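Chain and residue survey
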Amino acid sequence: SSDKPQVSALEELLKSGFAQARDIKLGNVTRLYQQQDAELLQGYSDRVGALVKTGKDNDKAEAGSSFSNLTNRAREATDLLAQAASQGAGETDTLRSMQMAVRNWSANQSDVNRSYFDTARSVGNSITDLNADTRSARMNLATGMLGDQEQIYANYYNQRADAYTQLGNIRANPYSDSYKKGAKDY
């Protein structure tokens, strides 16, 4: 039988065919990893941007609420002083009415501050969680890529081993035109 075409094909695969296929697959795995990592980082950037915007909005809300609270304190103090004066209140009662306006302002400002710091802490915690999740996702992507590369190399070497075995079998077959006396599987 003529095994020369099969031997020639196996030798060509061993020379460069398997390596070319391996390199194409490795390139595809690397490109896929780079695309997925870029997408992951873009999503990270978008979410960080949204959290930073939330932080800035929180700053503006705190400033606006604090200013409104000051305005409200001035209005309440004026109203309380007018009411105390209309009823003929003395100095002590007038001071007590001013204290009421200040206590009201203080309670309202405590609520504004508590809300501000709760939101700021929430934004900070969200950024921390996002950093940890993104790091884990990137590590998973890299681990997946390395696993794919390992599989590609394992397949490459298995194909080479199979091709060498086939060549050895053909060359060790005395009925083959590619027979070589003393040939062994290699």
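A quick note: this is a predicted structure, and the numbers were derived from the prediction, not measured. (Residues numbered from 1 in each chain as written. Predicted model: local features only at pLDDT ≥ 70, side-chain atom pairs only at ≥ 80, totals over all residues. Heavy atoms only, no water.)

Our focus in this paragraph is the pattern of salt bridges. Evaluation of the coordinates by the stated rule reveals seven salt bridges. Linking Arg-138 and Asp-37 is a salt bridge whose minimum nitrogen-to-oxygen distance equals 2.7 Å. One end of the pair, Arg-138, is in helix H2 (residues 91-172); the other, Asp-37, is in helix H1 (residues 4-86), with 101 residues separating them in the sequence. Ionic pairing is found between Asp-118 and Arg-114, a salt bridge with its closest N-O pair at 3.9 Å. Here Asp-118 and its partner Arg-114 are both found in helix H2, four residues apart, which amounts to about one turn of the helix. For Asp-118, a relative accessible area of 35% corresponds to the partly exposed category. Look at Arg-114 and you get partly exposed, because its relative accessible area is 44%. Three or more residues joined by partner-sharing salt bridges are found here, namely Arg-114, Asp-118 and Arg-121. (Salt bridge = Lys/Arg side-chain N within 4 Å of Asp/Glu carboxyl O. Helix = DSSP H or I, 4+ residues; strand = E, 2+ residues; numbered from the N terminus. Buried < 20%, exposed > 50% of the residue type's maximum accessible area, 1.4 Å probe, protein only.)

What follows concerns the environment of Arg-135. Position of Arg-135 among the secondary structure elements: in helix H2. It is 9.9 Å that separates the C-alpha atoms of Arg-135 and Leu-41, two residues lying 94 residues apart in sequence.

Within the secondary structure, Gln-109 sits in helix H2. Gln-109 sits in the buried class, given a relative accessible area of 11%. Side chain to side chain, Gln-109 and Ser-66 meet in a polar contact 2.8 Å long. (Polar contact = N/O pair within 3.5 Å; in protein donor to acceptor, adjacent residues only side chain to side chain.)

By themselves, these observations are geometric and do not establish any function.
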